[in-house]
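Listed below are the residues making up each chain.
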Amino acid sequence: AKFAEGGKQTAKKDLCRLAMTSKTVYVASICVHVNPQQAVRAMLEADAYPGPSLIVAYCPCISQGYPLAESIQHCQLAVDSGYWPLFRYNPD
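Cut-offs applied
Residues numbered from 1 in each chain as written. Predicted model: local features only at pLDDT ≥ 70, side-chain atom pairs only at ≥ 80, totals over all residues. Heavy atoms only, no water. Phe/Tyr/Trp six-rings, centres within 6.5 Å; stacked < 30°, edge-to-face > 60°. Helix = DSSP H or I, 4+ residues; strand = E, 2+ residues; numbered from the N terminus. Buried < 20%, exposed > 50% of the residue type's maximum accessible area, 1.4 Å probe, protein only. Polar contact = N/O pair within 3.5 Å; in protein donor to acceptor, adjacent residues only side chain to side chain. Contact = heavy atoms within 4.5 Å. Pairing = 2+ DSSP bridges. Right-handed = clockwise from strand over helix to strand, strands pointing away. Core = buried A, V, L, I, M, F, W, Y, C linked by side-chain atoms within 4.5 Å.

Once that is clear, we can look at the packing of aromatic side chains. This structure, assessed with the given rule, holds three aromatic pairs. Between Y58 and Y83 the ring centres are 6.2 Å apart and the planes differ by 80°, which places this aromatic pair in the edge-to-face class. One end of the pair, Y58, is in the loop between β2 (53–57) and α3 (71–80); the other, Y83, is in the loop between α3 and β3 (87–89), with 25 residues separating them in the sequence. In this structure Y58 comes out as buried when scored by relative accessible area, which is 13%.

Here's what the structure looks like:
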């Protein structure tokens, strides 16, 4: 596969928001490093939900240029800045 040198030029799609438009999908945005309780609760709720479920997790990777030793701080900054909001959406 060939990739563009400058990267993707268009805005990323918000997968969670797209899934929530159907109003029949359980959707959660989690970050285990920042709030493990919220992540576990989202997984339990998604498992108990009778319909389809989607959980999207924020997890930086060393291949993206983030040192492993700084991953927890990076996650905290992403959540605190609003770049990665934590939420659970249950349409029931």
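Let us now look at the side chain of S71. Looking at where S71 falls in the secondary structure, it is placed in helix α3. The buried category is assigned to S71, whose relative accessible area is 11%. Within the local environment of S71, its side chain forms a polar contact with the backbone oxygen of L68, the two atoms lying 3.1 Å apart. Those residues within four positions of S71 in sequence are excluded, and the remaining contacts are H33 and P60.

Looking along a regular strand, one sees the side chains alternate between the two faces of the sheet. Counting buried positions along strand β1 (residues 26–30) gives five out of five residues, so the element sits mostly inside the fold. Along β1, one buried face is formed by Y26, A28 and I30 and the opposite face, lined by V27 and S29, is buried too. Note that β1 and β2 share five bridges and pair parallel. Looking at β2, one finds that I30 is bridged to A57. Crossover connection from β1 via helix α2 (residues 36–48) to parallel β2: handedness right-handed. Examined bridge by bridge, β1 and β3 share three bridges and lie antiparallel to one another. Of the residues in β3, the one forming a bridge with S29 is F87.

Right, let's get into the nonpolar core. Core analysis: the largest hydrophobic core is formed by 12 residues, namely C16, A19, V25, V27, C31, V34, V56, Y58, C75, A78, V79 and W84. At the level of elements, α1 (15–20) and α3 are the ones that each hand at least two residues to this core. Here this core gets three residues from one element, more than from any other, and that element is α3. When near neighbours in sequence (up to four residues on either side) are disregarded, V56 contacts L15, C16, A28, S29, I30 and W84.

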